[in-house]
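Report on the structure
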Amino acid sequence: MTEYLDLIMFAALMVAVLSGFPVSFSIAGVAIAFAYIGWMLGVMDVSLLGALGQRAFGLITNTVLIAIPVFVLMGAILEKSKIAEELLDTMGRSFGQLRGGLGISVVLVGALLAASTGIVGATVVAMGMIALPTMLRAGYSPSVASGIVCTAGTLGQIIPPSTLLIILADVMSNAYQQAQYEQGKFSVEALSVGQFFAAAIVPGLLLVALYLAYILIRGALRPQDMPPAEIGLAKPDRREVMAAIVPPVLLIFAVLGAILGGVATPTEAASVGAIGALLMAGRRIGINPRLILIGAGALILLGLLAGAFPVRLQRSDNGALEWVIGGFYTVLALIGLVAVGLALRAAIRERIIQDALSSTLTMTAMIFATILAAGFFSLVFIGLGGEERVAHLLENLPGGPTGALLFVMLFVFVLGFFLDFVEISVIVLPLVAPSLILMGHDPIWLGILLAINLQTSFLTPPFGFSLFYLRAASPPEIRTEQIYKGVVPFIGLQALGILLVWALPFLATWLPKALF
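Before going into details, it helps to say that this report is about the structure given with it. Here the structure is a predicted model, which means the values were calculated and not measured.

All right, on to the overall build of the protein chain then. Scanning the protein chain from terminus to terminus reveals 22 helices and 0 strands. A globule of 516 residues ought to have a C-alpha radius of gyration of about 24 Å, and the protein chain, at 24 Å, matches this closely. If one aligns the C-alpha atoms of the protein chain with their principal axes, the spans along those axes are about 75 × 70 × 40 Å. Counting across all 516 residues of the protein chain, residues that qualify as buried make up 52%.

Put into structure tokens, the structure is as follows:
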């Protein structure tokens, strides 16, 4: 029995997580119990746990993961300031009179929110409360409407910036370095968050295109499922459309452009995004739009000029020109500071900042507690021989590298029915990714395949988080089985997206190769 202790440990983890006990405590509790059992049976050297302190210190000093709370704060500010409502209203009136037009508008808004907030729960709840009743009043099939809203919300996991991609970048980078060490290389390469963001852009847009194509085709074949909205809806004019769409698009370009262009690290770009989100919130809650625009323009100009023409005023050999440029930079900074200060005061008055900080702290604590507990779990699992078992299993599967990858993808897909993406990312993937990379799979391509697979876990019953979010936010006439039925076609589209990226690896690899 002792030779199967690692498998029993993994099964015990499944039972503990499904029991409803907090996930991080379940993971740590199982690790403690099996470390003690392994020590008592003489099959584990507990001195291995001495590395736990080093792992904890590595977690809290990890410069990649620091970006998570700042990106979450950016998304929380946008969500609390009701940016989604304005986008949904404008896009719904733009496309509503087409067959499937409301569905198209929900997917497009989901893509925009994904690239600007990256928070699945907030997006699904917002669209469930705003768009779903409108779609039902227009005569949409309840299952179709529910499936569209659920799926559009999950785009926040694959379209950057995304918490999932940040965690995956860290996991895959560590796996890639481990694989290089096992190959005898001691001058190892690392992978960056920017590479994974770049790699996810085309696959993310591919999924959006698949969703839109499905909605258009179904609207043409079964018009009774997605009829046009009522004619009384007034189409927005160009100014309304620009006012709703341009700010989030500029925010997306500022954040992703800074990362992909090598101008800023992910953490620095996330800070820029949080300031941009605050300015957008200020415009939304009544600050003079012209003042917000002037402040944002001053900060953008300051960033561009300071990057191109840096000035060090503390140097003793500065001439008059350097002092003039420094003074100009100071004026730009003060203009931006005034706009940010006014937006911050208004956001505090409306309790947007307080609610956003509360959401950020809650989500950040959950993610980091899970990662810390998973580090403990993996140490015990390795001590019980689990890592060798996994490597042996993958190496001896029929089909070679392709068979091993297919097995892992199916295993992750099944786990997605029961576990959250964070647990799968930090417990399962560190065990299987090094072996897959050693078999010759490109780590970035592999990471994007796994990201799309993990995104699907938000849609798979019975524990898909998007299903729970929509169930809580949907009107009472929507039944749970209708939500489950509605997401089935989109799970199929997710599988099609995985197959396309698998068959055409350049979809995920050409952009990071071009940029990095």
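Structure's up, so let's keep going.
This brings us to the packing of helix H1 (residues 5-18) against helix H15 (residues 352-383). It is the contact of H1 with H15, at a shortest axis distance of 9 Å, that shows an interaxial angle of 155°. On the basis of their axis angle, the class for H1 and H15 is roughly antiparallel. Considering only the axes of H1 and H15, their crossing is right-handed. Contact with H1, carried on its side by Asp6, Met9, Phe10 and Leu13, involves Phe377, Val380 and Phe381 of H15 and no other residues of that element. Of the residues assigned to the contact of H1 with H15, the class counts are 6 nonpolar, no polar and 1 charged.

This paragraph deals with the side chain of His441. Position of His441 relative to the elements: it lies in the loop between helix H18 (421-438) and helix H19 (443-456). Of note is the side chain of His441, whose polar atom sits 3.0 Å from the backbone oxygen of Pro401. Setting aside residues up to four positions removed in sequence, His441 forms contacts with Pro401, Thr402, Leu405 and Leu436.

Taken as a whole and judged by the stated rule, the model has 4 salt bridges. Among the ionic pairs, Arg218 bridges to Asp225, the shortest N-O distance being 2.9 Å. Asp225 sits in the buried class, given a relative accessible area of 7%. Between Arg479 and Glu481 there is a salt bridge, and its shortest N-O distance comes to 2.8 Å.

Our next topic: the packing of helix H20 (residues 465-473) against helix H21 (residues 480-503). Closest axis-to-axis distance for the H20/H21 pair is 10 Å, and the angle between their directions is 135°. Looking at the two axes, H20 sits oblique to H21. The handedness of the crossing between H20 and H21 is right-handed. Mapping the contact onto sequence places Leu467, Leu470 and Arg471 in H20 and Thr480, Ile483, Tyr484 and Val487 in H21. Of the residues that constitute the contact of H20 with H21, the class distribution is 5 nonpolar, 1 polar and 1 charged.

What follows covers the packing of aromatic side chains. Within this structure, the stated rule accounts for 10 aromatic pairs. Pairing Tyr211 with Phe490 gives two aromatic rings, centres 5.8 Å apart and planes at 75°, and the pair type is edge-to-face. Here Phe490 lies in helix H21 and Tyr211 lies in helix H10 (residues 193-221), a separation of 279 residues in the sequence. Each member of the pair Tyr211 and Phe490 is classed as buried. Centroid distance Phe421 to Phe458: 5.7 Å. Interplanar angle 35°. Geometry classified as tilted. Taken together, the residues span a long stretch of sequence, with Phe421 in helix H18 and Phe458 in the loop between H19 and H20 at a distance of 37 residues. The structure contains a cluster of three or more aromatic residues connected by ring pairs, namely Phe10, Phe407 and Phe411.

A few words on unusual backbone geometry. The residue after Pro160, namely Pro161, is reached through a cis peptide bond having omega 0°. On the secondary structure map, Pro161 appears in the loop between helix H8 (142-154) and helix H9 (163-182). Of note in the backbone geometry, Arg351 takes a positive phi value of approximately 60° without being a glycine. With respect to the helices, strands and loops of the structure, Arg351 is situated in the loop between helix H14 (320-349) and H15.

Right, let's talk about H14 for a bit. Given a rise of 1.5 Å per residue, 30 residues ought to cover 44 Å, and the 43 Å separating the end C-alpha atoms of H14 matches this to within 8%. What H14 keeps buried is the set Gly326, Tyr329, Leu332, Gly336, Ala339, Val340, Ala343, Ala346 and Ala347. Buried residues belonging to H14 abut helix H12 (266-284), helix H13 (289-308) and H15. Just downstream of H14 lies Arg351, where phi reads positive at about 60°.

Each value, and the rule that gives it
- Residues numbered from 1 in each chain as written.
- Predicted model: local features only at pLDDT ≥ 70, side-chain atom pairs only at ≥ 80, totals over all residues.
- Heavy atoms only, no water.
- Helix = DSSP H or I, 4+ residues; strand = E, 2+ residues; numbered from the N terminus.
- Rg over C-alpha atoms; globule rule 2.2 N^0.38 Å.
- Buried < 20%, exposed > 50% of the residue type's maximum accessible area, 1.4 Å probe, protein only.
- Axes fitted to C-alpha atoms, helices over the stretch in contact; angles between N-to-C directions.
- Parallel < 35°, antiparallel > 145°, perpendicular 65-115°, else oblique.
- Left-handed = near helix turned anticlockwise from the far one by under 90°.
- Contact = heavy atoms within 4.5 Å.
- Nonpolar A, V, L, I, M, F, W, Y, C, P; charged D, E, K, R; others polar.
- Polar contact = N/O pair within 3.5 Å; in protein donor to acceptor, adjacent residues only side chain to side chain.
- Salt bridge = Lys/Arg side-chain N within 4 Å of Asp/Glu carboxyl O.
- Phe/Tyr/Trp six-rings, centres within 6.5 Å; stacked < 30°, edge-to-face > 60°.
- Expected span 1.5 Å × (residues − 1).

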